[in-house]
Amino acid sequence: MRLEGKNALITGAAQGIGKAVALGMAKEGAHVAIADVNIDSAQQTSKAVSALGVKSIALKLDVSNQENVINAFKEFTGQFGALDILINNAGITRDGILLRMKEEDWDAVLNINLKGSFLCSKEAIKIMGKQRFGKIISISSVVAFMGNPGQANYSSSKAGLIGLTKTIAKEYASRGIRANAVAPGFIQTAMTDVLNDEVKDEMKKAIPLGQFGTPDDVTNAVIFLASKEADYITGQVIHVNGGMYM
Ligand code: NAP
């Protein structure tokens, strides 16, 4: 039980990687809030988490809306007290080559993926600073490091998360707060299911380990960073990509 009694809030945790992280952290003894725009789905995930014997609540949260974020963190502390771990996981894609990319597609992706993590980190740091302890783990992406045709907005947002992570790590280390990122490669979830088989085959060829990752592969890295074993690690990125980028 590497996270026994720790309180965690995970954004975008109703499904996919966030859900796997929530279940994985609960198996390690953490109490977990499932924060997502999709409250019905978040409630189902929260039930599955509670069934593992830990405390769990579902929070309706749009990470890009400051008022929403402030209220969700208030509700969280009202119910859980301390906040030990924040996972900035909520993310979307709105793909298209740059010349065809609409301003609204740029804004939507940057607002949720990057500004959302800024807003949530800010509320988390207010709580963690007083506690003199906390871990913030943000889910970036391999495309932050490689770029990706059709994803100017997404890759920029994920690269921005690395700057945000390193800055938080430097600004709040003195208050016992660690900030790190996990950069997954191609992980099988609803986000990647929409890609056609031809694109998937091409991507597989670029992965030395020859297979896509699973949400559990990402979960293992997140749990490590959240655990005591990683207490001397801050401002770092763990790449979980089958060797796609090294
Ligand atoms: P997913 O299956 O689409 O799950 C994302 C979750 O975030 C969904 O439940 C979604 O709700 C929720 N969400 C969307 N907008 C939100 C908002 N404004 N506020 C709160 N929640 C919101 O995606 P995933 O594949 O698990 O990805 C999780 C994270 O990993 C993302 O940050 C993604 O960029 C990153 N990542 C994924 C991969 C991959 O290959 N899958 C690779 C690298 C990085 P709705 O479904 O209702 O919109």
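It should be noted that the structure appears before, not after, this text.
Conventions we followed
- Residues numbered from 1 in each chain as written.
- Predicted model: local features only at pLDDT ≥ 70, side-chain atom pairs only at ≥ 80, totals over all residues.
- Heavy atoms only, no water.
- Pairing = 2+ DSSP bridges.
- Helix = DSSP H or I, 4+ residues; strand = E, 2+ residues; numbered from the N terminus.
- Axes fitted to C-alpha atoms, helices over the stretch in contact; angles between N-to-C directions.
- Contact = heavy atoms within 4.5 Å.
- Phe/Tyr/Trp six-rings, centres within 6.5 Å; stacked < 30°, edge-to-face > 60°.
- Lys NZ or Arg CZ within 6 Å of the ring centre and 35° of its normal.
- Expected span 1.5 Å × (residues − 1).
- Buried < 20%, exposed > 50% of the residue type's maximum accessible area, 1.4 Å probe, protein only.
- Right-handed = clockwise from strand over helix to strand, strands pointing away.
- Core = buried A, V, L, I, M, F, W, Y, C linked by side-chain atoms within 4.5 Å.
- Near = heavy atom within 4 Å.
- Polar contact = N/O pair within 3.5 Å; in protein donor to acceptor, adjacent residues only side chain to side chain.
- Areas by Shrake-Rupley, 256 points an atom, 1.4 Å probe, with all protein chains shown as cover.
- 1 Å grid on protein atoms, 1.4 Å probe; cavity = no way out; pocket = protein on both sides within 12 Å on 5 of 7 lines; lining within 4 Å.
- Sits in = over half its atoms within 2 Å of the grid points.
- Nonpolar A, V, L, I, M, F, W, Y, C, P; charged D, E, K, R; others polar.

A. Quick peek at the sheet that holds strand β1 (residues 7-11). The 7 strands lie next to each other as β3-β2-β1-β4-β5-β6-β7, forming an open sheet whose pairing is parallel. Of all strands in the sheet, those with a lone pairing partner are β3 (56-60) and β7 (237-240), marking the two edges. For this sheet, the mean inter-axis angle between neighbouring strands, taken without regard to orientation, is 15 degrees. In terms of strand pairing, strand β6 (residues 177-184) meets β7 through 4 bridges, oriented parallel. Bridge pairing links Ala181 to Val237 in β7. Seen against the sheet, helix α2 (residues 39-50) touches β2 (31-36) and β3 and runs at an angle of roughly 170 degrees to β3.

B. View of the packing of aromatic side chains. One pass over the structure, following the stated rule, counts 3 aromatic pairs. With a centroid separation of 5.6 Å and an interplanar angle of 35 degrees, the aromatic rings of Phe145 and Tyr245 are classed as tilted. Of the two residues, Phe145 is situated in helix α5 (residues 143-146) and Tyr245 in the segment after β7; the sequence distance between them amounts to 100 residues. Here the basic side chain of Lys55 rests over the ring of Phe80, its NZ or CZ set 4.9 Å away from the ring centre. Between the NZ or CZ atom of Lys204 and the centre of the ring of Phe212, over which it lies, the distance is 5.0 Å.

C. Examining helix α4 (residues 103-131) more closely. Taking 1.5 Å as the rise per residue, α4 with 29 residues should run 42 Å; its terminal C-alpha atoms sit 40 Å apart, in good agreement. Just past α4, the residue Arg132 takes up positive phi, approximately 65 degrees.

D. Highlighting helix α9 (residues 215-226). In this model α9 runs 16 Å from its N-terminal to its C-terminal C-alpha over 12 residues, within 8% of the 16 Å that 1.5 Å per residue would give. Residues of α9 that are buried include every one of Pro215, Val218, Thr219, Ala221, Val222, Ile223, Leu225 and Ala226, and no others. Those residues of α9 hidden inside the fold are in contact with α1 (16-27), β4 (85-88), β5 (134-139), β6 and β7.

E. Fine view of the pairing of β3. Pairing of β2 with β3, which is carried by 5 bridges, proceeds in the parallel orientation. Within the sheet, the bridge partner assigned to Ala35 lies in β3 and is Leu59. Between the parallel pair β2 and β3, the chain is carried across by α2, and the sense of this crossover is right-handed.

F. Just the nonpolar core, in detail. Counting residues in hydrophobic clusters, the biggest one holds 30 residues, and the most contacted among them are Ile10, Met25, Val32, Ile87, Val182 and Val222. Taken together, the elements giving at least two residues each to this core come down to β1, α1, β2, α2, β4, β5 and α9. Beyond its immediate stretch of four places on either side in the chain, Ile87 contacts Leu9, Ile10, Thr11, Val21, Met25, Ile137, Ile139 and Val222.

G. Focus on the site of the ligand. Around the ligand, the structure places 29 residues, and the nearest of them are Asp36, Asn89, Tyr154, Ile187 and Thr189. Measuring from a nitrogen atom of the ligand, one finds a backbone N or O atom of Leu61 at 3.2 Å. Within the side chain of Tyr154, an N or O atom sits 2.5 Å from an oxygen atom of the ligand. The protein chains hide 89% of the 880 Å² of surface that the ligand would expose on its own. The cavity where the ligand resides is the largest pocket. Among the secondary structure elements, those contributing two or more residues to the shell around the ligand are α1, α6 (152-172) and α7 (190-193). Its residues assigned to classes, the shell around the ligand shows 15 nonpolar, 11 polar and 3 charged.

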